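Residues per chain are reported as follows:
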Amino acid sequence: MPSWSEQRRKLLNILLGTSVGATLVAIFYPILKFMIPPEVIEATQASVVAGRVNELPPNSGKIFKFGNKPGLLVRTPTGEYKAFSAVCTHLDCIVQYRPDMRLIWCACHNGQYNLSGKNIAGPPPRPLEEYVVNIRGEEIVVSKA
Amino acid sequence: MRVELRVEAWRAWLDERLGTDAVREFLRRKAVPIHRHTIWYYFGGMTLFLFVVQVVTGALLLLYYRPSAEAAFESVQFIMTEVEFGWLVRSIHSWSANLMIATLFIHMFSAYFMKAYRPPRELTWVSGTFLLLLALAFGFSGYLLPWNKLAFFATKVGTDIAGDVPLVGRFLLRFLRGGEEVTGATLTRFFGFHVAILPGMTTIVLALHLILVQKHGMSVPPSLEGKSLRKMPFFPNFLLRDLIGWVLAIGALAALAALFPWGLGEKADPFAPAPAGIKPEWYFLFMFQTLRLLPAKVGIVEGEVLGVTIFLLGGIFWMLVPFLDKPASGRRSRFFTGVGVFLVLYLVIMTIWGYLV
């Protein structure tokens, strides 16, 4: 059985230890939380005007802004409009339309997608996200499926 | 037993490479004299602690702050409203800055009245006055960074005053503003001063100041010199007392930040008229008030130029006090004590006056 003064010392040590611990938690918890960036709420855009009808000749493409992400508008050799996310599914590079290959091509690691957005060669693991294209008068409107 | 052996082996290993035993030996011997003025010894350590708080919170603010006229205000707004504990970190940075200036003044005047600048500590005093200048520069440059109306006009006025310094005024004004006017270029510059140049300079001067304090030990007031005083070991007795002060300071900072979070005001607009009640931070109020009281012309000299010149000469005098005062001769020494009392009264009265008007 420890003496009274030993018990008292033990109690004081516990109190001191826990208050030091609590102080450290009170300092470092806000610091850690502060360092984690807050979620920025994106203005969710459902559709965007990607271009004008006479802007793109057949067998060409252009990048447009879809919210804060790039999109790729393609006019196929047959004159059809197609739109995809321009973010390569491999490592986030921005893809482009290659008229000579008649493909969507990523310059970073030679990834290739066909005109339906399907990954057909190189490292990309998934197809590109495809958007819906509507012609409204002169405007080409792209919207998320 | 095994554990002790291993600790001993580590100690020997470190000592062989870093010379840690010398530090341990130094800490074992370092002592703090105990007398009725011992309380003042705590204010240097307190200033140092608040400076560390500034470094930590400042580094955190850098994660989100954007130094441009277009984005600065919005980024501080983002810190205050979106980032978790952002209001706390920024408010502590602002409050701690003000408390640091306050403890720095207390530290300085206590060293002054105890005549701690006597030989061989003259350079400790001089390095301290440089640290005061650096702290004021930190305050002045940091004040502009949120790019709000008050800060914008305070910087306009402050840099305009710098333009009144004889001979180099015009150069100084353009150097500070990064051009003729206070613009985004000024903000970029002040940001560079605040987070790179001033911290670099402060690190060097502070290191010198602290090394000198270690080299010469604590000074005792002349009235107690030569008497046999009780001493307490610096480590751990004095340091633990320091620590209690620091814990209390953290508590005070958190309470101040929670109860009086630092405001942000309105975004600066270089083409809007100055709002009423433009005032600098409190530690510049005495200069502000003095300049306001001076007439437009004193003889042939412009009042503002005269005021700035007097402050400049006063600052140089203050820095050179250890070489002018000869504490061995009683009359001259009493004169310097009188100067100190006058200065404290002047600062207090002018600050309160400037605050009330």
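All values derive from a computational prediction rather than experimental measurement.

> So what exactly am I meant to see when it comes to the sheet that holds strand β5 (residues 96-98) of chain A here?
Sheets are built from strands paired through backbone hydrogen bonds, the pairs being either parallel or antiparallel. All names here are of chain A. Taken together, the four strands give an open sheet; going across it, the order is β5-β6-β7-β8, and neighbouring strands pair in antiparallel fashion. Both outer strands of the open sheet, β5 and β8 (119-121), are each paired with one neighbouring strand and no more. Each strand of the sheet is rotated relative to its neighbour by a mean of 40°, with strand direction disregarded.

> Looking at this structure, how should I read the side chain of R118 of chain B?
All names here are of chain B. Relative to the elements of secondary structure, R118 occurs in the loop between α5 (86-113) and α6 (122-144). Of the residues examined, R118 reaches a relative accessible area of 9% and is grouped as buried. Only 3.1 Å separates the side chain of R118 from the side chain of E225, close enough to count as a polar contact. Beyond its immediate sequence surroundings of up to four residues, R118 is in contact with S219, V220, P221, P222, E225 and P327.

> What is the right way to look at the packing of α5 of chain B against α6 of chain B in this model?
Helix packing for two helices is described by the angle between their axes and how far apart those axes are. All names here are of chain B. The interhelical angle for the contact between α5 and α6, taken along N-to-C directions, is 160°, at an axis separation of 11 Å. Taken together, the axes of α5 and α6 are roughly antiparallel relative to one another. Here the hand of the crossing between α5 and α6 comes out left-handed. Contacts between α5 and α6 pair M100, I101, L104, F105, M108, A111 and Y112 from the former with W125, L131, L132, A135 and L136 from the latter. Here the contact of α5 with α6 is composed, by residue class, of twelve nonpolar, no polar and no charged.

> What is the right way to read the interface of chain B and chain A from this model?
Listed as interface residues are 15 residues of chain B and, on the opposing side, ten residues of chain A. Of all residues in chain B, L60, Y64 and F85 of chain B bury the most surface against chain A, accounting for 41% of the area lost on that side. At the boundary of chain B and chain A, one finds one salt bridge. Of the charged contacts in the structure, one is a salt bridge between E84 of chain B and K33 of chain A, with a shortest N-O distance of 3.5 Å. The interface formed by chain B and chain A holds two residue pairs in polar contact (both at pLDDT 80 or more) in total. Put simply, the parts of the chain that give the side of chain B that touches chain A at least two residues each are α3 (42-61), α4 (72-81) and α5 of chain B. Taken together, the residues that form the side of chain B that touches chain A break down as twelve nonpolar, one polar and two charged.

> So what exactly am I meant to see when it comes to a nonpolar patch on the surface here?
Residues and elements named next belong to chain B. Where nonpolar side chains cluster on the molecular surface, the patch consists of F113, L293, V341, L345, I349, W353 and V357 and spans about 620 Å² of accessible area. For the nonpolar patch, the element with the most residues is helix α13 (residues 330-356), which contributes four residues. Tracing the backbone through its elements, the reader meets V357 in the segment after α13.

> Explain the sheet that holds strand β9 (residues 130-136) of chain A here, please?
Residue and element names in this part refer to chain A. Overall, antiparallel pairing links the six strands, which are arranged β1-β10-β9-β4-β3-β2 in an open sheet. Of all strands in the sheet, those bounded by a partner on one side alone are β1 (47-52) and β2 (60-66). Each neighbouring strand pair of the sheet contributes to a mean axis angle of 30°, computed without reference to strand direction. Across five bridges, the pairing between strand β3 (residues 69-75) and strand β4 (residues 81-85) is antiparallel. Counterpart to L72 in the pairing with β4 is F84.

> For this particular structure, what's the right way to read unusual backbone geometry?
Across the chain, the bulk of peptide bonds are trans and the bulk of non-glycine residues have phi less than zero. Residue and element names in this part refer to chain B. Cis geometry is adopted by the peptide bond preceding P120, which originates at P119 and carries an omega value of 10°. As for its position among the elements, P120 is in the loop between α5 and α6. Of note in the backbone geometry, K115 takes a positive phi value of approximately 50° without being a glycine. Its location among the elements puts K115 in the loop between α5 and α6. A relative accessible area of 5% means that K115 is categorised as buried. Even without a glycine there, the phi angle at L167 is positive, about 70°. For L167, the location among the structural elements is in the loop between α7 (149-162) and α8 (169-177). A relative accessible area of 90% means that L167 is categorised as exposed.

> For this particular structure, what's the right way to read the pattern of salt bridges?
Between side chains of opposite charge, a pair can form as their charged atoms come close. Residues and elements named next belong to chain B. Tallied over the full model, the rule gives 18 salt bridges over all chains. Residues R118 and E225 are paired through a salt bridge, measuring 3.1 Å at the closest nitrogen-oxygen approach. Residue R118 is located in the loop between α5 and α6, and its partner E225 is located in the loop between α9 (184-216) and β2 (230-233); the two are separated by 107 residues in the primary sequence. Among the ionic pairs, K149 bridges to E266, the shortest N-O distance being 3.3 Å.

> Help me out: how do you make sense of the domain arrangement of chain A in this one?
Size of an interface, as often reported, equals the accessible area lost when the parts are brought together. Each assigned domain of chain A is listed here: domain 1 (1-38) and domain 2 (48-143). The C-alpha centroid of domain 2 of chain A is placed 58 Å from the C-alpha centroid of domain 1 of chain A.

> Help me out: how do you make sense of the state of the cysteines in this one?
Note on terminology: a disulfide is the covalent bond linking the sulfur atoms of two cysteines. Residue and element names in this part refer to chain A. As enumerated under the stated definition, the model contains one disulfide over all chains in all. The disulfide partner of C93 is C108, and the S-S distance across this bridge is 2.0 Å. Disulfide C93-C108: torsion about the S-S bond near -100°, hence left-handed. Taken together, the residues C93 in the loop between β4 and β5 and C108 in the loop between β6 (103-106) and β7 (111-113) connect sequence positions 15 residues apart. Looking at the unpaired C88, the closest cysteine sulfur is the one in C106, lying at 3.9 Å. For C88, a relative accessible area of 3% gives the class buried. Using a relative accessible area of 2% as the deciding quantity, one classes C106 as buried.

Parameters and conventions
- Residues numbered from 1 in each chain as written.
- Chains lettered and ligands numbered in written order.
- Predicted model: local features only at pLDDT ≥ 70, side-chain atom pairs only at ≥ 80, totals over all residues.
- Heavy atoms only, no water.
- Pairing = 2+ DSSP bridges.
- Helix = DSSP H or I, 4+ residues; strand = E, 2+ residues; numbered from the N terminus.
- Axes fitted to C-alpha atoms, helices over the stretch in contact; angles between N-to-C directions.
- Buried < 20%, exposed > 50% of the residue type's maximum accessible area, 1.4 Å probe, protein only.
- Polar contact = N/O pair within 3.5 Å; in protein donor to acceptor, adjacent residues only side chain to side chain.
- Contact = heavy atoms within 4.5 Å.
- Parallel < 35°, antiparallel > 145°, perpendicular 65-115°, else oblique.
- Left-handed = near helix turned anticlockwise from the far one by under 90°.
- Nonpolar A, V, L, I, M, F, W, Y, C, P; charged D, E, K, R; others polar.
- Buried area = accessible area lost by both parts, 1.4 Å probe.
- Salt bridge = Lys/Arg side-chain N within 4 Å of Asp/Glu carboxyl O.
- Patch = residues over 30% accessible without salt bridge, like charges linked within 9 Å, V, L, I, M, F, W, Y side chains within 5 Å.
- Areas by Shrake-Rupley, 256 points an atom, 1.4 Å probe, with all protein chains shown as cover.
- Domains from an automatic or database assignment.
- Disulfide = S-S within 2.5 Å.

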